[in-house]
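Observations on the three-dimensional arrangement
Single-letter residue listing:
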Amino acid sequence: MALKLTTRQDGQVLEVQVLGKLTHADYQECVAEFERLLKKHGTLRLLYDLVNFDGWDAAALWDEFKFDVKHVSVIDRLASAGDSTWKKWMSEFEKPCTAAPVRYFEREQIEAAQRWLSET
């Protein structure tokens, strides 16, 4: 499995830890949890924790695009934590896909990302 989902703040923050390459099956699991939490809270905050992230398979990349279009207005904050320059670039790529504030953190700053997402 390339995915680990964790909720914080009574489910208002969804942390998505991605290990390796994200597949369509992984993405479907993530979207199902996001939709479940969204029904409960109306908006969510997301943290993508990219651990040795190696991109998406073709179907998962399409899933990402569809997710961004569908959920542009319900993401309250979006943080990414990673360990390479291209991951920071991907965080910048997400900015036009959401009205939410977007921030990138280095992996060793994961706790700072979690604090930022919990701020009111």
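Residues numbered from 1 in each chain as written. Predicted model: local features only at pLDDT ≥ 70, side-chain atom pairs only at ≥ 80, totals over all residues. Heavy atoms only, no water.

**Considering the sheet that holds strand S4 (residues 75–82)**
- Taken in spatial order, the five strands make up an open sheet running S1-S2-S3-S4-S5, and their pairing is mixed. On the outer flanks of this sheet lie strand S1 (3–8) and strand S5 (102–106), each paired with one strand and no other. Taken over all neighbouring pairs, the strand axes of this sheet differ in orientation by 20 degrees on average, direction set aside.
- Sheet strands touched by helix H4 (residues 110–118): S1, strand S2 (13–19), strand S3 (44–51), S4 and S5. Its angle to S3, the strand with the most contacts, is close to 170 degrees. (Pairing = 2+ DSSP bridges. Helix = DSSP H or I, 4+ residues; strand = E, 2+ residues; numbered from the N terminus. Axes fitted to C-alpha atoms, helices over the stretch in contact; angles between N-to-C directions. Contact = heavy atoms within 4.5 Å.)

**Here we look at a nonpolar patch on the surface**
- Nonpolar side chains collect at one region of the surface, where Trp62, Phe65 and Val69 lie side by side and expose about 350 Å² of accessible area between them.
- Within the secondary structure, valine 69 sits in helix H2 (residues 58–70).
- Note on valine 69: relative accessible area 52%, which makes it exposed. (Patch = residues over 30% accessible without salt bridge, like charges linked within 9 Å, V, L, I, M, F, W, Y side chains within 5 Å. Areas by Shrake-Rupley, 256 points an atom, 1.4 Å probe, with all protein chains shown as cover. Salt bridge = Lys/Arg side-chain N within 4 Å of Asp/Glu carboxyl O. Buried < 20%, exposed > 50% of the residue type's maximum accessible area, 1.4 Å probe, protein only.)

**Description of the packing of aromatic side chains**
- Using the criterion set out here, one finds five aromatic pairs in the structure.
- Ring centres of phenylalanine 34 and phenylalanine 67 lie 4.8 Å apart, and the angle between their planes is 80 degrees; on these two criteria the pair is classed as edge-to-face. Here phenylalanine 34 is found in helix H1 (residues 24–41), whereas its partner phenylalanine 67 is found in helix H2, with 33 residues between them in sequence.
- Where tryptophan 62 meets phenylalanine 65, the ring centres are 5.4 Å apart and the plane angle is 25 degrees; that geometry is what we call stacked. With tryptophan 62 and phenylalanine 65 both in helix H2, this residue pair falls three residues apart, about one helical turn.
- Following the ring pairs from residue to residue traces out a cluster consisting of Tyr27, Phe34 and Phe67.
- Sitting over the face of the ring of tryptophan 116, arginine 77 holds its NZ or CZ atom 4.9 Å from the ring centroid. (Phe/Tyr/Trp six-rings, centres within 6.5 Å; stacked < 30°, edge-to-face > 60°. Lys NZ or Arg CZ within 6 Å of the ring centre and 35° of its normal.)

**Structural notes on the side chain of arginine 45**
- Position of arginine 45 relative to the elements: it lies in strand S3.
- In this structure the side chain of arginine 45 is engaged in a polar contact, spanning 2.5 Å, whose partner is the backbone oxygen of glutamate 119.
- Contact partners of arginine 45, with chain neighbours within four places excluded, come to Gln12, Val13, Leu14, Asp76, Arg77, Trp116, Leu117, Ser118 and Glu119. (Polar contact = N/O pair within 3.5 Å; in protein donor to acceptor, adjacent residues only side chain to side chain.)

**What to know about the nonpolar core**
- Judged by nonpolar contacts, the single largest core of 24 residues is most densely connected at Phe34, Leu46 and Phe67.
- Secondary-structure elements contributing two or more residues to this core are S2, H1, S3, H2 and S4.
- Looking at this core, the element that brings in the most residues is H1, giving six residues.
- The residues touching phenylalanine 34, leaving out its near neighbours within four places in the chain, are Leu14, Leu44, Leu46, Phe67, His71, Val74 and Ile75.
- Core analysis: the next-biggest nonpolar cluster, separate from the first, contains nine residues, Ala79, Ile110, Ala113 and Leu117 among them. (Core = buried A, V, L, I, M, F, W, Y, C linked by side-chain atoms within 4.5 Å.)

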